[in-house]
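# Summary of structural features
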Amino acid sequence: MAQGLTTADADGRDSVPPASSRRTWTVVSVLGEILMTIGVLLLLVVVYDLWWTNVVAEQQSASQREELQNTWRDQTNAASTLPIPAEAFGLMYIPRLKADVWGTPLIEGVEHADLAKGIGHFPDSAMPGEAGNAAFAGHRATNGEPLKNIDQLQLGDLVYLETGIGWYSYRLTGDKLVLPTDVWVVDPVPGQPPGTQPTQQLLTLITCNPRWGSTQRWVWWGELVDVRSKAQGPPDEVAQLAEGS
Amino acid sequence: MYAYLWQHLPGPTALKFVQAIVLFLIVVAVLFLWVFPWLVPLLPFNDVTVGAAAPIWLIGPA
């Protein structure tokens, strides 16, 4: 029995295998190559999303900031600026998140391309300093991930917005985890019936929760506590931290 | 299919190796510059805005 098997194997190795065996081998090897190719493609998607989108966002954000600061410097009539869709109109500074949100461009719009350049401003929401709710969304993972450390924010933290007109300081007043469908969080008066006339100047910051998922949104609200003109210069805290860096 | 490609690359093994690497890098560049930027926003990851119940890429953010 054992002797017979050995002979057959030796014969098989020396002679050409039958056509059906060669066909099976071809099918199996092509299938294997397809599976390996899919595996490599999936790995490349992960590399793209976790690494490359951050590289691109870093460059886009820096060029948007530079362009905006040049515009402000060359501008003689600062009050005439309305935000242009998909372009930067301001910068955000959060001392608590200084490593991530410091001169981060505020982009008009919350489309994917807008959020890859900085922090997006909901087009129908109030502008910084206006009565109502200035609502912003930013990535927490990938695409520059400005709000990756949103979990470190604390009640009472200050968020500074700089526009062509002035500096706006907002103090954070509360946060909430909501569903992606909870559009009321960007209402002029969040939590009140739609159409309620806004009396306060509010700020809303939205990102995803959990960090690598999209099942919830993490929302922080703040209220305006101080306004400074461009001539008055940046708020003390921003000026001090900028010097320290 | 890769064996077929390898057999049809001209030159000695070292040159074939270099050509294979270059071909791979071209594929990666096409994926990173055009294919993935189109594909990844369609995936249900990293949505950060609020909108209606339909998927965000069908209705646009609120």
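Report follows, based on the coordinates. Sequence order as written defines the numbering, with residues in each chain counted from 1. Lettering for chains starts from A, numbering for ligands starts from 1, and both go in the order in which the items are written. The model is predicted, so local features are restricted to residues of pLDDT at least 70 and side-chain atom pairs to those at 80 or more, both for listing and for counting; the totals for chains, interfaces and linings are taken over all residues.

## Observations concerning the overall build of chain B
Along its length, chain B carries three helices and zero strands. Secondary structure follows DSSP: runs of H or I at least 4 residues long count as helices, runs of E at least 2 residues long count as strands, and numbering of each begins at the N terminus. N-terminal to C-terminal, the α/β element order of chain B is α-α-α. Put simply, a residue is buried when 20 or more other C-beta atoms lie within 10 Å of its own C-beta and exposed when 12 or fewer do; between those, it is partly exposed, and each C-beta is set from the backbone. A burial count over chain B gives 15% of its 62 residues as buried.

## Section: the overall build of chain A
If you tally the helices and strands in chain A, you get four helices and eight strands. What you see in chain A, going N to C, is helices and strands ordered as α-α-β-β-α-β-β-β-β-β-β-α. We compute the radius of gyration from the C-alpha atoms alone; for a globule the expected value is 2.2 Å times N to the 0.38, where N is the number of residues. Taken over the C-alpha trace, chain A has a radius of gyration of 28 Å; the compact-globule value for 245 residues is 18 Å, which it surpasses by more than 25%. Principal-axis analysis of the C-alpha atoms gives chain A an extent of 95 × 45 × 30 Å. Classification of the 245 residues of chain A by burial places 33% in the buried group. Across chain A, every contact between residues at least 6 apart in sequence was considered, and the portion connecting residues at least 24 apart equals 58%. Contact between two residues is assigned when their C-beta atoms, built from the backbone, lie within 7 Å.

## Let's talk about the interface of chain B and chain A
Counting residues at the interface gives 20 residues for chain B and 28 residues for chain A. Examining the composition of the side of chain B that touches chain A, we find that four residues originate from one element, helix α2 (residues 13-39) of chain B, more than from any other. Residues are grouped as follows: nonpolar covers Ala, Val, Leu, Ile, Met, Phe, Trp, Tyr, Cys and Pro; charged covers Asp, Glu, Lys and Arg; every other residue, Gly included, is treated as polar. The class makeup of the residues in the side of chain B that touches chain A is 16 nonpolar, three polar and one charged.

## Remarks on the sheet that holds strand β1 (residues 88-93) of chain A
All names here are of chain A. Between any two strands, pairing holds if DSSP finds at least two bridges. Read around the barrel, eight strands follow the order β1-β2-β3-β4-β7-β8-β6-β5 and close on themselves; strand pairing throughout is mixed. The average undirected angle you get between the axes of adjacent strands in this sheet is 35°. Across five bridges, β1 lies against strand β2 (residues 102-108) in antiparallel orientation. Paired with Y93 across the bridge in β2 is W102. Angular values range over 0 to 180 degrees, each being the angle between N-to-C directions of two axes fitted as lines to C-alpha atoms, with helices fitted over their stretch in contact.

## Focus: the nonpolar core
Residue and element names in this part refer to chain A. In this usage, the nonpolar core is the set of buried Ala, Val, Leu, Ile, Met, Phe, Trp, Tyr and Cys residues whose C-beta atoms join them within 7 Å. With 45 residues, the main nonpolar core has M92, Y93, L106, F136, V159 and I206 as its most contacted residues. Among the secondary structure elements, those contributing two or more residues to this core are α2 (19-74), β1, β2, β4 (132-137), β5 (158-163), β6 (166-178), β7 (201-209) and β8 (216-229). The contact partners of F136, leaving out residues within four places of it in the chain, are L106, I119, G120, H121, T204, L205 and I206.

## Thoughts on the environment of Q19(B)
Residues and elements named next belong to chain B. Among the structural elements, Q19 can be located in helix α2. Overall, Q19 belongs to the partly exposed group, with 15 C-beta atoms counted inside 10 Å. Sequence spacing of Q19 and L9 is 10 residues, and the spatial spacing of their C-alpha atoms is 7.5 Å.

## Concerning the packing of α2(A) against α2(B)
For the pair α2(A) and α2(B), interaxial distance at closest approach is 11 Å and the crossing angle is 65°. By the criterion of interaxial angle, the relationship of α2(A) to α2(B) is roughly perpendicular. When you trace α2(A) past α2(B), the crossing you get is right-handed. Seen from α2(A), the contacting residues are L44(A), V45(A), Y48(A) and W52(A); seen from α2(B), they are V28(B), L31(B), F32(B) and F36(B). Oblique is the label for every angle not falling under 35 degrees (roughly parallel), over 145 degrees (roughly antiparallel), or within 65 to 115 degrees (roughly perpendicular). Crossing chirality is assigned from the near helix's rotation relative to the far helix, an anticlockwise turn below a right angle marking it left-handed and a clockwise turn marking it right-handed.

## Some points on the pairing of β2(A)
Two elements, β2(A) and strand β3 (residues 119-121) of chain A, share three bridges in a ladder whose sense is parallel. Residue pairing in the sheet places I107(A) in a bridge with G120(A) of β3(A).

## Notes on the environment of V50(B)
With respect to the helices and strands, the residue V50(B) is situated in the loop between α2 and α3 (56-59). Since 25 C-beta atoms lie within 10 Å of it, V50(B) is described here as buried.

## With respect to α2(A)
One less than the residue count of a helix, multiplied by 1.5 Å, gives the span that helix is expected to have. Given a rise of 1.5 Å per residue, 56 residues ought to cover 82 Å, and the 78 Å separating the end C-alpha atoms of α2(A) matches this to within 8%. In the structure, α2(A) departs most strongly from a straight axis at Y48(A), where the bend amounts to approximately 40°. To get the bend at a given residue, fit one axis to the seven residues ending there, fit another to the seven starting there, and take the angle between those axes.

## Things to note about the pairing of β1(A)
Residue and element names in this part refer to chain A. With six of six residues buried, β1 is to be regarded as a mostly interior element. Relative to β5, β1 runs antiparallel, the two sharing four bridges. By the bridge assignment for β5, Y93 is matched with Y160.

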